[in-house]
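Summary of the model geometry
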Amino acid sequence: MSNRYSILKLQGKVQHYDWGGYTFLPELLGIKNEEKRPFAEYWLGVHPTASAYVAIQNGWKPLQQLIDEEPDAALTPALRQKFGNIPYLLKVMDVREMLSIQVHPSKENAIAGFERENQLGIPLNAPHRNYKDQNHKPEAMLAISEFWLLHGFKQKEQLQQILEEVIEFQILLPLFRKEGLQSLYRFIMEMEQQSINDLLLPLVKREIRQKQEGLLNKNHPGWWVAKHFNDQHPSGDIDRGIFSIYFFNIVCLQPGEAIFQGAGLPHAYLEGQNIELMSNSDNVLRAGLTKKHIDVQELLANTDFTPIVPNILKGQSRRDGEQVFHFPISDFSLTHVLLNSDTSFEDKAISPEIWVVIEGGVIINQQLVVKKGEAFIVFPGQSYQFLSSGKTSLYKAFVAIPDAYSQDEEN
Ligand SMILES: [Zn+2]
C-alpha cells in the first residue's frame, strides 16, 4: 500500500437548505455566519454532486479522484467487488424546521425507475425527475441532541383514534374502515387543493391557538403543525403533508440513540442535530411539506403502508467508550467513540473509515492533530491510535463486510 493512502484530513461540503439551523454547524466548523444563512448538512463522502476533499502534500484534492487513482489502495477487494466505491455518505445535520415528508425506493425500484426516466428522456437535473441514480437510499441516524422525527405509519388502533378525535378527519373514517390505510392515503394525496384547504384550515387555526395556550407539547402532532406555520394564521394553500404529521409515529431520540429507515418507510425529520449515514444516493420521493416535485403514483408505488412500532437502537458496546451500530443492510455501519482526558483508543481499519470530531480533539499516531469540526479518512489496513486531551466525541462511518468477502456470498 502506498503511503498516500494512510490517514488524511477531509474537508466536507456544507448544504445550505432552507430548513437548516444558523449556529450549530457554523460553530462546529468554525465559520462565521453573520448573514444568518441556514447551515443544514455537512456532507462527508463521494457523492458526485459534492465529493469531500482530502488533504494532500500541497493542498486539497477531491476524495473521489484519490480513490480513482489507486482503487486497490483506497478500497478493499471486497468493497471494490460489491460496490466499486465508498458506498456510504456521512452527514452532520442541524434541523431547525421540518423537512419534506419522504420515502426512498428499494434498489430494484431505483434501477427500474432510473431506466424508465432515461427512456422517457427526462434530463438528470430536471425538477420532475424522481431517480437521480440507480441506488437505494437506506438511512440511519444517531442523535447528537434530543432529536424529533416522523417515522412510519402509526398502528391501526392509533390511526383510528386520530381519525375519530380530530373533527376534520371524521369524514375520512368510513373510507379507512372499509378500505384501509393505503386507500385513505391515496385519497388525501389525490384530493383537490381547494378541498384540502377547506378541510385543514380550521384544524391548523385550532392547533395554533392551542399551542399558544400551552395545551400542546412535542408529542402532539398539533405542536408541529403550529410550528410549521410559525404559530401564525396560514395564508395561501395548505400543504397536504399536514395529514402525515397525524398519521405517522412521532419519535423523540435521546443523544446516543439511533434509528434506521429502510426502503419504503415514510419519514420526515422535525428538529435537532444528528449524525446521518446513508447509501450514496439522492433518490427521494416526496409526499408533502415541500415546494419540490411530488409524483403521487410513484410515491404510492414505493411506500410501505405496514404500520410500525419505531425501533430505537442503543447500539452495542464494543469496549469502553465505543458504541457500534449495525443496520439491516451491508452498505454501512456507524460507531460513536467517547474519550476522556489522557485516554487512548487503538484500532485498525478494515474498510475506508470516515471520521468526524464533534467535541474535543485527538492526536493520531502521535502525528496528526484533529480538533472539533474536523474530519479525516482512514484507509483500509491502516492502524491508528488516538490520544485525547479532554472529553472527545468522534463518529465513524465504515463498512463491516469482511475483507475475505467471497464470490459465493454474492447472490
Ligand atoms: Zn430520507
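Residues numbered from 1 in each chain as written. Predicted model: local features only at pLDDT ≥ 70, side-chain atom pairs only at ≥ 80, totals over all residues. Heavy atoms only, no water.

Going through the model one piece at a time under the given rule, you end up with 22 salt bridges. Here Glu 139 makes a salt bridge to Lys 137, at a shortest N to O gap of 2.7 Å. Given the relative accessible area of 2%, Glu 139 is considered buried. As a salt-bridge pair, Glu 257 and Lys 314 come within 2.6 Å of each other at their nearest N and O atoms. Of the two residues, Glu 257 sits in the loop between strand 10 (248-253) and strand 11 (258-261) while Lys 314 sits in the loop between helix 12 (296-302) and strand 14 (316-319), which places them 57 residues apart along the sequence. According to the relative accessible area criterion, Glu 257 is buried, its value standing at 11%. Looking at Lys 314, the relative accessible area reads 53%, which means it is exposed. Salt bridges sharing common partners tie together Arg 318, Arg 319, Glu 322 and Asp 347. (Salt bridge = Lys/Arg side-chain N within 4 Å of Asp/Glu carboxyl O. Buried < 20%, exposed > 50% of the residue type's maximum accessible area, 1.4 Å probe, protein only. Helix = DSSP H or I, 4+ residues; strand = E, 2+ residues; numbered from the N terminus.)

Glancing now at the nonpolar core. Note that soluble globular proteins tend to have their nonpolar side chains buried in a common cluster. In terms of nonpolar packing, the biggest core is built from 51 residues, with Phe 169, Tyr 185, Ile 242, Phe 243, Ile 245, Tyr 246 and Phe 247 touching the most fellow members. It is helix 9 (residues 193-212) that provides the largest number of residues to this core, a total of six residues. Each of domain 1 (13-150 + 252-302) and domain 2 (171-243) contributes no fewer than three residues to this core. In this structure, Leu 10, Ala 52, Leu 313 and Ile 354 belong to the second largest nonpolar core, which totals 48 residues. (Core = buried A, V, L, I, M, F, W, Y, C linked by side-chain atoms within 4.5 Å. Domains from an automatic or database assignment.)

Here we take up the side chain of Ser 244. Tracing the sequence through the fold places Ser 244 in helix 11 (residues 242-247). By relative accessible area, which is 1% here, Ser 244 ends up buried.

Here Glu 322 shows up in strand 15 (residues 322-326). Overall, Glu 322 belongs to the buried group, its relative accessible area being 1%. A polar side-chain atom of Glu 322 sits 2.9 Å from a polar atom in the side chain of Arg 319. Setting aside its immediate chain neighbours within four residues, Glu 322 contacts Gln 316, Ser 317, Thr 335, His 336, Val 337 and Phe 345. (Polar contact = N/O pair within 3.5 Å; in protein donor to acceptor, adjacent residues only side chain to side chain. Contact = heavy atoms within 4.5 Å.)

With that settled, the discussion passes to the environment of Arg 186. Relative to the helices and strands, Arg 186 resides in helix 8 (residues 181-190). When its relative accessible area of 34% is taken as the criterion, Arg 186 is described as partly exposed. With near-sequence residues (within four places) excluded, Arg 186 lies in contact with Gln 297 and Leu 300. Within the local environment of Arg 186, its side chain forms a polar contact with the side chain of Gln 297, the two groups lying 3.2 Å apart.

Tracing the backbone through its elements, the reader meets Ser 344 in strand 17 (residues 344-348). Placed 334 residues apart in sequence, Ser 344 and Leu 10 show a C-alpha to C-alpha distance of 22 Å. Those residues in contact with Ser 344, other than ones at most four positions away along the chain, are Gln 385, Phe 386 and Leu 387.

A metal bound by six donors in octahedral fashion has ideal angles of 90 or 180 degrees, whereas one bound by four tetrahedral donors has an ideal angle of 109.5 degrees. Within the protein, the atoms that donate to the zinc ion are Gln 102 (OE1), His 104 (NE2), Glu 139 (OE), Glu 139 (OE) and His 267 (NE2), at distances of 2.1 to 2.6 Å. Binding-site remark: the zinc ion is held by donors from one chain whose sequence spacing is Q-x1-H-x34-E-x127-H. Taken together, the positions of His 104 in the loop between strand 7 (101-103) and helix 5 (107-119) and Glu 139 in strand 8 (residues 139-143) put the pair 35 residues apart, joining distant regions of the chain. (Donors = N, O, S within 2.8 Å, 3.2 Å for Na, K, Ca; no water.)

Another point: the pairing of strand 20 (residues 368-371). As paired elements, strand 19 (residues 361-364) and strand 20 share four bridges and run antiparallel to each other. Paired with Val 362 across the strands is Val 370, a residue of strand 20. Hairpin connection between strand 19 and strand 20: a loop of three residues separates the two successive antiparallel strands, and Asn 365 in this loop has a positive phi of roughly 50 degrees. (Pairing = 2+ DSSP bridges.)

Moving on to the sheet that holds strand 1 (residues 7-11). Read from one edge of the open sheet, nine strands run 5-4-1-21-18-23-16-15-14, paired in antiparallel fashion. At either margin of the open sheet sits one strand with a lone partner, and together these are strand 5 (59-62) and strand 14. Averaged over all neighbouring strand pairs, the angle between strand axes comes to 30 degrees, with direction disregarded. The pairing of strand 15 with strand 16 (residues 333-339) spans five bridges and is classified as antiparallel. By the bridge assignment for strand 16, His 326 is matched with Ser 333. (Axes fitted to C-alpha atoms, helices over the stretch in contact; angles between N-to-C directions.)

Let us look at the domain arrangement of the protein. Looking at the assigned domains, one finds that the protein contains domain 1 (13-150 + 252-302), domain 2 (171-243) and domain 3 (322-409). On a C-alpha basis, the centroid separation for the pair domain 1 and domain 3 is 20 Å. In this assembly, 36 residues from domain 1 lie in contact with 33 residues from domain 3. With both chains or domains summed, domain 1 and domain 3 bury close to 3,000 Å², and 78% of this area falls on carbon and sulfur atoms. (Buried area = accessible area lost by both parts, 1.4 Å probe.)

Let us look at unusual backbone geometry. In this structure, Asn 230 takes a positive phi of about 50 degrees despite not being glycine. Take Asn 230: it is sitting in the loop between helix 10 (221-228) and helix 11.

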